[in-house]
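# Examining the three-dimensional arrangement
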Amino acid sequence: MNAAPHAVRHALGWLVLANLAGLLLSLLLLRPGLGLWLDPLAYGRWYPVHTHGHLYGWCSLPLIALLFHVFRVGGRLEPWGRGVMTLWTAALLAVCGWFLAGHSSGKLFTEFTPGALAPLALALAGLWVVLALAFWEHRREVGWLIRAALLAGLALVPLGLLWASLPGTFPPVNPRSGGATGHNLLVSNLVLLPILAGLPRILGVSRVARGVVSLPLLVSVYLGGWLVWAVMGHGHAPNDSFSQIAGLCSMLPWAVLLPLYWTSHEWTPAERSWLFWAMLWWVLLVVSGCVLFFPFALDQFKFTNGLVAHTHLAMGGFLSAFLLVVCLRLGASPARQALAGNWPRRLWNSALAAQV
């Protein structure tokens, strides 16, 4: 048995737990007096539980399922994969307990103090060891060079997480920064695009005979994006700079290219249904992200619920629908049957649309 279904099971568990924390936060916003009954577990302590439960639980674990699939973690290594998923969930529960105890650095999305970071770093190390063992077991199989490069890159993740968590890196209040700039928004998207565009190939989904968008076209546009990023201004550039606006708008072709490329593959009916919503949210995300960056829009939306809506459009809309496609393909039979129904899909996306 492959270890990927275990990662999917833990991912869906964290989706429930993180959303329950989000529901509690919503109730506290509607009825602040409820916080008196929870004291000292007030809003500020539950907020990082919600965000980190989603980021390092729901958003991360389907990608770990992809890694288990790519590295072929199965057979005699399947118990190891199951064990490292248990370790991951235990570490994240410890992190959430640390937050509820009042220990937080205050840095959005990386609110780790050393005590909270240690268990997660241990889980990351355990995951890397399992992937390394699987790589060695299949070292003579096709694609070993790509897996070797991926394994080398993954070895840097714990160091990157440690660096991002340091007090001097991205401080919570940074008077030298005007916020997100076009060039760093563009590079974050360019880093993610290979995973998004490569999903059909990673999952082994067959291509239809004549796809509308070819792989060489995708590669050309992608390399063009990096060229745009290289020549645009870097540093703390203002959002009214033409180069920043033009650079971010270079993402607009992907609002069309990525959906067309995805639909040129032979997905199952359930996967195609979730993929439809992923594509819809993706188009809205890319277009609204570019429009909201314009000075006349950003000046009105920054630090308002409009920006919060855009964030949930990204996380609850596009990314979650994308990850649910992964869960449908790699999950065990009970998970696939539950996610393949019409009601889960209708409830999730209609509720997300109402929230946004």
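Residues numbered from 1 in each chain as written. Predicted model: local features only at pLDDT ≥ 70, side-chain atom pairs only at ≥ 80, totals over all residues. Heavy atoms only, no water.

## Thoughts on the overall build of the protein
Looking only at helices and strands, one finds 18 helices and zero strands in the protein. Taking 356 residues into account, the globule formula puts the C-alpha radius of gyration at 21 Å, and the protein, at 21 Å, falls close to it. Looking at the protein as a whole, 42% of its 356 residues are labelled buried. Put simply, 81% of the contacts in the protein that link residues at least 6 apart link residues at least 24 apart. Working note: accessible area of the protein is about 18,000 Å², and carbon and sulfur atoms make up 72% of it. In the protein, the 20 positive side-chain charges and the 9 negative ones have mean positions that sit 6 Å from each other. (Helix = DSSP H or I, 4+ residues; strand = E, 2+ residues; numbered from the N terminus. Rg over C-alpha atoms; globule rule 2.2 N^0.38 Å. Buried < 20%, exposed > 50% of the residue type's maximum accessible area, 1.4 Å probe, protein only. Contact = heavy atoms within 4.5 Å. Areas by Shrake-Rupley, 256 points an atom, 1.4 Å probe, with all protein chains shown as cover. Lys, Arg positive; Asp, Glu negative; His and termini not counted. Charge placed at Lys NZ, Arg CZ, Asp CG, Glu CD.)

## Some words on the pattern of salt bridges
For the structure shown, the criterion picks out four salt bridges. Between R82 and E78 there is a salt bridge; the shortest N-O distance is 2.8 Å. A residue pair is termed a helical-turn pair when its members lie 3 or 4 positions apart in one helix, as R82 and E78 do in helix 5 (residues 78-100) at four residues. In this structure E78 comes out as buried when scored by relative accessible area, which is 10%. (Salt bridge = Lys/Arg side-chain N within 4 Å of Asp/Glu carboxyl O.)

## A short note on the packing of helix 4 (residues 61-71) against helix 16 (residues 305-330)
The geometry of helix 4 relative to helix 16 is characterised by a closest axis approach of 9 Å and an angle of 40° between their N-to-C directions. It follows that helix 4 is oblique to helix 16 by the angle criterion. In terms of crossing hand, the pair formed by helix 4 and helix 16 is left-handed. Along its contact with helix 4, which presents P62, L63, A65, L66 and H69, the element helix 16 presents L323, V326, C327 and L330. (Axes fitted to C-alpha atoms, helices over the stretch in contact; angles between N-to-C directions. Parallel < 35°, antiparallel > 145°, perpendicular 65-115°, else oblique. Left-handed = near helix turned anticlockwise from the far one by under 90°.)

## With respect to the side chain of H54
Within the secondary structure layout, H54 lies in helix 3 (residues 43-58). Given the relative accessible area of 13%, H54 is considered buried.

## Describing unusual backbone geometry
Across the junction of D39 and P40, the peptide omega takes the value 10°, indicating a cis bond. The backbone of R72 sits at a positive phi, close to 55°, despite the residue not being glycine. Relative to the helices and strands, R72 is located in the loop between helix 4 and helix 5. By relative accessible area, R72 is classed as partly exposed at 33%.

## Some details on the nonpolar core
Grouped burial of nonpolar side chains is what soluble globular proteins tend to show. Membership of the largest hydrophobic core comes to 91 residues, with the highest contact counts inside it found for F68 and W88. Element by element, the count of residues in this core is highest for helix 16, at 12 residues. Look past the residues within four positions of F68 in its chain and what remains in contact with it is N2, A3, A4, A7, V73, G81, V84, M85, L127, V130 and L131. Core analysis: the second largest hydrophobic core is formed by five residues, I245, L248, F293 and L298 among them. (Core = buried A, V, L, I, M, F, W, Y, C linked by side-chain atoms within 4.5 Å.)

## Side note on the environment of Q244
With respect to the element layout, Q244 can be found in helix 12 (residues 242-249). Under the relative-accessibility criterion, Q244 is labelled buried at 1%. In the structure, Q244 is positioned 109 residues away from F135 in sequence and 41 Å away in space, judged by C-alpha atoms. Contact partners of Q244, with chain neighbours within four places excluded, come to T181, G182, H183, M232, G233, A237, P238 and F293.

## Re a nonpolar patch on the surface
Taken together, the side chains of V16, L17, L20, L23, L27, L30, L34, L36, W37, L38 and L93 define a hydrophobic patch exposed on the protein surface, amounting to about 1,200 Å² of accessible area. When residues of the nonpolar patch are traced back to their parent elements, those giving at least two are helix 1 (4-30) and helix 2 (35-38). When residues in the nonpolar patch are grouped by element, the largest group, six residues, is from helix 1. Mapped onto the fold, L23 is located in helix 1. (Patch = residues over 30% accessible without salt bridge, like charges linked within 9 Å, V, L, I, M, F, W, Y side chains within 5 Å.)

## Concerning the environment of L313
By secondary structure assignment, the location of L313 is in helix 16. Linking L313 and C59, residues 254 residues apart in sequence, is a C-alpha distance of 14 Å. Ignoring anything within four residues of it in the chain, the contact list for L313 reads W281, L284, L285, S288, F318 and V356.

## Points about helix 9 (residues 182-197)
Helix length check: helix 9 (16 residues) gives 22 Å between terminal C-alpha atoms against 22 Å at 1.5 Å per residue, within 8%. At V191, helix 9 shows its maximal bend, which comes to roughly 30°, and the proline P194 appears one to four places after that position. For helix 9, every residue scored as buried is listed here: G182, H183, L186, L190, L193, L196 and A197. Close packing links the buried residues of helix 9 with helix 10 (199-203), helix 11 (215-231), helix 12, helix 13 (254-263), helix 14 (269-293) and helix 16. (Expected span 1.5 Å × (residues − 1). Bend = angle between axes of the 7 residues up to and from the residue.)

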